[in-house]
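One letter stands for each residue in the lines below.
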Amino acid sequence: MKFLLAFSLFFCSSAFAGDPSVMLQGFHWSSAKSGGWWGTLASAAPEIGAAGINIVWFPPSGDSLSPEGYLPKQLYLQDSKYGKESQLKGAIGAMHSAGVTVLGDLVLNHRVGSSDWADFKNPDWGLDACTSDDEYGACAGGADTGKSYDAARDIDHANDSIRESLKEWLGWMKSSVGYDGWRYDYARGFSSSYLAEYDSGSSFSVAEIWDDLDVDNSDAHRQGLCDWMDSAGGKIKVFDFTTKGVLQQAIATGEYWRLADGADKPSGLIGWWPENAVTFIDNHDTAARQGSRGHKSWPFPQNQLPQGYAYILTHPGIPCVFWPHFFDLGLKEEITGLIQVRKKYGIHSGSKVNIITAGAGLYAANIDGKVVVKIGPENWHPYGDWQLVLSGNNYAVWAK
Ligand SMILES: [Ca+2]
Ligand SMILES: [Ca+2]
């Protein structure tokens, strides 16, 4: 039933023009150690806009127990290891001047106390703000409505006054700090109904729903993403972890047949609900520690990054480029070339994919009848009056 609902929304939303946005993850796991990341972002803004990127996701910008920002302490203190609040505002302003909107990274599942486990300051909350089943035994709220997080106090979102406090803070983050939309961290941590309430009024939001993936059963995984989006009301997008996992498995093993499902659609979330899928090949958590400056290591094959971008930048969804891939690994020109092709031929979040072949060592697809892309080591080219517009290691793109 849930799938039918997702499917009907897919057809509903396809009545509207697709979103041509291209996103950038504007940080990596080591950015907090740079000693002035907001300045780096401000300086890079014109180049980001000129590359055709129109949305940037900033790291969590508030006071935090951990340098990366994912253990929030004082919510209204927007000074962090990334820089001072004035520098944060400067970076957001520079992005706006370059025609780029900015997503704040919101850690709403959990929070830490200012000097002990749960003395929440600025805004001040009592012990009823954290869940009764938190690892800190003194929390006096109700039961957690989602997954728990061991390194900080799980917030009781069922508490009306805490929700009001959070909504007031979100309004301040928009009106005073200047954020345009949100990336929701660890969205499995509490009920999607509360997240939908917080999201009201946001023009662009994407949630992190990171479930374990069995690459031999990608349908179950993307069904989980569809079910979560349905439960949140269908407006909040999610990162397409299904596509990330299946694509990197195909490239690592040569099993490109994995990229077509039983209905000859893409096997990731983009095969079912592309308008709500934010595609990516690595992020601050998944990327290799060395080279791509990641944290947890579920890395995309490091010598095949352009091939991965050739796929996500020619396919539907909202593609999200990872900062180190663009700025630190010498791939800027190649990725920009692919973004320019996406823009020139009008590929958008809801573009239609016609898979031509998906087998050992080769995947090829026609997008909207305008672009043909091939990835994989096998030689291949389309017949007819297609002109080669871009090619690189194990990929090629043609257009009419
Ligand atoms: Ca906890
Ligand atoms: Ca929780």
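Definitions and limits used
Residues numbered from 1 in each chain as written. Chains lettered and ligands numbered in written order. Predicted model: local features only at pLDDT ≥ 70, side-chain atom pairs only at ≥ 80, totals over all residues. Helix = DSSP H or I, 4+ residues; strand = E, 2+ residues; numbered from the N terminus. Contact = placed C-beta atoms within 7 Å. Pairing = 2+ DSSP bridges. Axes fitted to C-alpha atoms, helices over the stretch in contact; angles between N-to-C directions. Expected span 1.5 Å × (residues − 1). Buried ≥ 20, exposed ≤ 12 C-beta atoms within 10 Å, placed from the backbone. Arc of directions from axis to C-beta. Parallel < 35°, antiparallel > 145°, perpendicular 65-115°, else oblique. Left-handed = near helix turned anticlockwise from the far one by under 90°. Nonpolar A, V, L, I, M, F, W, Y, C, P; charged D, E, K, R; others polar. Core = buried A, V, L, I, M, F, W, Y, C linked by C-beta atoms within 7 Å. pLDDT = per-residue confidence, 0-100.

A. Highlighting the overall build of the chain. A tally of helices and strands in the chain yields ten helices and 15 strands. For the chain, restricting intrachain contacts to residue pairs at least 6 apart in sequence, the fraction spanning at least 24 positions comes to 65%.

B. Seen up close, the sheet that holds strand β14 (residues 387-392). Spatially, β11-β12-β13-β15-β14 is the arrangement adopted by the five strands of the open sheet, whose pairing is antiparallel. Each of the sheet's edge strands pairs with one partner strand only, and the pair in question is β11 (353-359) and β14. Put simply, the sheet's adjacent strands are angled 15° from each other on average, direction ignored. Pairing analysis gives six bridges linking β11 to strand β12 (residues 362-367), with the strands arranged antiparallel. Pairing of Ala-358 across the sheet is with Tyr-363, part of β12.

C. View of the environment of Gly-234. Along the chain, Gly-234 turns up in the loop between α6 (218-231) and β8 (237-239). In this structure the C-alpha to C-alpha distance between Gly-234 and Asn-276, which are 42 residues apart in sequence, comes to 8.3 Å.

D. How the structure looks around helix α4 (residues 160-177). The terminal C-alpha atoms of α4 lie 25 Å apart, and with 18 residues this matches the ideal 26 Å at 1.5 Å per residue to within 8%. Those residues of α4 that fall on the buried side of the exposure criterion are Ile-162, Leu-166 and Leu-170. Summarising the axial view, the buried residues of α4 lie within an arc of 80°, below the 170-degree limit, and thus occupy one face. Counted as exposed and oriented over 90 degrees from the buried face of α4: Asp-160, Ser-161, Glu-164, Gly-171, Ser-175 and Ser-176. Here the buried face of α4 lies against α5 (192-199). In the stretch just after α4, Gly-178 is the one whose phi turns positive, near 110°.

E. Seen up close, the sheet that holds strand β9 (residues 277-279). Ordered in space as β1-β2-β3-β6-β7-β8-β9-β10, the eight strands form a closed barrel in which the pairing is parallel. Taken pair by pair, the neighbouring strands of this sheet meet at an average axis angle of 30°, ignoring direction. Two strands pair when backbone bridges link them, and strand β6 (residues 181-184) and strand β7 (residues 205-207) are joined in this way by three bridges, in the parallel orientation. When the sheet's bridge partners are listed, Arg-183 is paired in β7 with Val-206.

F. Just unusual backbone geometry, in detail. Cis rather than trans, the peptide bond between Asn-122 and Pro-123 has omega equal to 5°. Positionally, Pro-123 belongs in the loop between β4 (110-111) and β5 (153-154). Located in the positive-phi region is Asn-122, a residue other than glycine, with phi close to 60°. Positionally, Asn-122 belongs in the loop between β4 and β5. On the basis of neighbour counts, which here come to 14 C-beta atoms within 10 Å, the residue Asn-122 falls in the partly exposed class. Positive phi, normally seen in glycine, also occurs at Asn-394, with a value near 65°. Checked against the element boundaries, Asn-394 lands in the loop between β14 and β15 (395-399).

G. View of helix α10 (residues 332-344). Between the first and last C-alpha of α10 there are 18 Å, a value that for 13 residues agrees with the 18 Å anticipated at 1.5 Å per step. Looking only at α10, the buried set comprises Ile-335, Gly-337, Leu-338, Val-341 and Arg-342. Seen along its axis, α10 keeps its buried residues to an arc of 155°; they face one direction. Tucked into the core, α10 has its buried residues touching α8 (305-312), β10 (318-322), α9 (323-327), β13 (371-375), β14 and β15. Looking one or two residues past α10, Gly-346 carries a phi angle of roughly 70°, positive in sign.

H. Just the pairing of β13, in detail. Within β13, five of the five residues are buried, leaving the element largely enclosed by the surrounding structure. Residues Val-371, Val-373 and Ile-375 line one face of β13 and the alternating positions Val-372 and Lys-374 line the opposite face, and both faces are buried. Relative to β13, β12 runs antiparallel, the two being bridged by five bridges. From the neighbouring strand, Ala-364 faces β13, where its bridge partner is Lys-374.

I. Region of interest: the packing of helix α2 (residues 37-50) against helix α3 (residues 85-97). The geometry of α2 relative to α3 is characterised by a closest axis approach of 8 Å and an angle of 15° between their N-to-C directions. Judged by the angle between their axes, α2 and α3 are roughly parallel. The handedness of the crossing between α2 and α3 comes out as left-handed. Two secondary-structure elements touch here, α2 through Trp-38, Gly-39, Leu-41, Ala-42 and Ala-45 and α3 through Gln-87, Leu-88, Gly-90, Ala-91, Ala-94, Met-95 and Ser-97. The residue inventory of the contact of α2 with α3, partitioned by class, reads eight nonpolar, four polar and no charged.

J. The nonpolar core, seen in detail. Judged by nonpolar contacts, the single largest core of 105 residues is most densely connected at Met-23, Leu-24, Ile-53, Val-56, Val-278, Ala-310 and Val-373. Sort the elements by how many residues they give to this core and α2 lands first, with seven residues. Excluding residues that lie within four positions of it along the chain, Val-278 makes contacts with Met-23, Val-206, Lys-237, Val-238, Phe-239, Asp-240, Gly-317, Ile-318 and Cys-320.

K. Inspection of the confidence of the model for the chain at higher detail. Mean pLDDT over the chain works out to 95, with 96% of the residues at or above the 70 mark. Confidence over residues 1-15 falls short of pLDDT 50; this stretch has 17 contacts with residues more than four positions distant or in other chains.

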